[in-house]
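# Commentary on secondary and tertiary structure
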Amino acid sequence: MLIADEPTTALDVTIQAQILDLMRALRTGIDTSIILITHDMGVVAEMAENVAVMYAGQIVEYADVVQLFADPKHPYTQGLLKSIPVLGRVREQLDVIEGVVPNLINPPAGCRFASRCPHRFEHCSQDPPVIMFDAQRQVRCWLYAQE
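Residues numbered from 1 in each chain as written. Predicted model: local features only at pLDDT ≥ 70, side-chain atom pairs only at ≥ 80, totals over all residues. Heavy atoms only, no water.

### Topic: the overall build of the chain
The criterion, for reference: Segments assigned H or I by DSSP are reported as helices when at least four residues long, segments assigned E as strands when at least two residues long, and all are numbered from the N terminus. For the exposure calls, accessible area comes from a 1.4 Å probe over protein chains only, and a residue counts as buried if that area is under 20% of its type's maximum, exposed if over 50%, partly exposed in between. Note on definitions: a residue-residue contact is assigned when non-hydrogen atoms from the two residues lie within 4.5 Å.
In terms of regular secondary structure, the chain is built from 4 helices and 6 strands. When the elements of the chain are put in sequence order from the N terminus, they spell out β-α-β-α-β-β-α-α-β-β. In terms of overall dimensions, the chain has a C-alpha envelope of 50 × 40 × 30 Å along the principal axes. With 147 residues in all, the chain has 30% of them scored as buried. Across the chain, the fraction of contacts at a sequence separation of at least 24, relative to all contacts at a separation of at least 6, is 42%.

Put into structure tokens, the structure is as follows:
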């Protein structure tokens, strides 16, 4: 297993492509798995089969890469994907996720994303359950506990 933590951060596009090609060659050449830790959703879309989205030290969504980009469930994942610039689409400013990341030394009770969430309601003061949509899809959010 290869664990790659931000392997393409701060690299120019040419070197980034070479690193990703090398990782693909390793994955197929020695039949290994890769855990890719990155904030670059373009790299995620290109390299990943399954994605675990983390916020403040917790996995908030886990899905097949196609499902995640087509239909993000967790409000953080939705905000994260909306903040990505789209080639050819002109906007005066990018979408942002309002608020501040919580203190991880003393995390807040309940949902760690609650203070920044546009869908926040009373249950969010309690730890959210992990909702299983199917064997390959899960979300840690009160929004789906009622369904």
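### Here's the deal with the sheet that holds strand 3 (residues 50-55)
Formally: Strands pair, by our definition, only if DSSP identifies at least two bridges between them. All axes are obtained by fitting lines to C-alpha atoms, using only the stretch in contact for helices, and the reported angles, taken between N-to-C directions, cover 0 to 180 degrees.
Reading across the sheet, the 4 strands line up as 3-4-6-5 and stay open at both edges, with antiparallel pairing between neighbours. Bordering the open sheet on either side are strand 3 and strand 5 (130-134), each of which pairs with just one other strand. The average angle at which neighbouring strand axes cross in this sheet is 20°, direction not considered. Judged from the 4 bridges that link them, strand 5 and strand 6 (residues 137-140) form a sheet pairing that is antiparallel. Opposite isoleucine 131, over in strand 6, you have valine 139 as the bridge partner. Lying on the sheet, helix 4 (residues 75-82) is in contact with strand 3 and strand 4 (58-64); it crosses strand 3 at an angle near 100°.

### Topic: the layout of surface pockets
What counts, and what does not: The method works on a 1 Å grid over the protein atoms by themselves. A cavity is a set of points holding a 1.4 Å probe that cannot get out, a pocket is an open set with protein on both sides within 12 Å along at least five of seven lines, and residues with an atom within 4 Å of a point line them. Grid points are joined across faces, edges and corners, and a volume is the space filled by probe spheres set on the points. Under the convention adopted here, Pro, Cys and the residues Ala, Val, Leu, Ile, Met, Phe, Trp and Tyr are nonpolar, Asp, Glu, Lys and Arg are charged, and Gly plus all remaining residues are polar.
Taken as a whole, the largest pocket encloses approximately 740 Å³ of empty space. Around the largest pocket, the lining comprises 26 residues; the ones closest to its centre are Leu36, Ile37, Asn50, Val51 and Ala52. The set of elements that each furnish at least two residues to the lining of the largest pocket consists of helix 1 (13-29), strand 2 (34-37), helix 2 (41-47), strand 3, strand 4 and helix 4. It is strand 3 that provides the largest number of residues to the lining of the largest pocket, a total of 5 residues. Looking at the lining of the largest pocket residue by residue, the class counts come to 18 nonpolar, 5 polar and 3 charged. Computed from the structure, the second largest pocket encloses a volume of approximately 220 Å³.

### A short note on the pairing of strand 4
In the sheet, strand 3 pairs with strand 4 via 6 bridges, with the strands oriented antiparallel. Pairing of tyrosine 55 across the sheet is with glutamine 58, part of strand 4. Across 2 bridges, strand 4 lies against strand 6 in antiparallel orientation. Bridge pairing links glutamate 61 to valine 139 in strand 6.

### Here we look at the nonpolar core
Here is the rule: We define a nonpolar core as any set of buried Ala, Val, Leu, Ile, Met, Phe, Trp, Tyr and Cys residues linked to one another through side-chain atoms lying within 4.5 Å.
Formed by 18 residues in total, the largest nonpolar core has its most connected members in Met41, Val51, Val53, Tyr55, Leu68, Tyr76 and Phe113. Listed by contribution, the elements that provide at least two residues to this core are helix 2, strand 3, strand 4, helix 3 (65-70) and helix 4. Ranked by size, the runner-up nonpolar core spans 5 residues in total, among them Ala4, Leu20, Met23 and Met47.

### Observations concerning the environment of aspartate 71
Within the element layout of this structure, aspartate 71 appears in the loop between helix 3 and helix 4. Ignoring sequence-local partners within four residues, the contact set of aspartate 71 consists of Glu61 and Arg137.

### Notes on the environment of glutamine 67
When you line up the elements, glutamine 67 lands in helix 3. Glutamine 67 sits 70 residues away from arginine 137 along the chain, and the two C-alpha atoms are 8.5 Å apart. Once residues within four sequence positions are removed from consideration, glutamine 67 is found in contact with Pro72, Asp134, Gln136 and Arg137.

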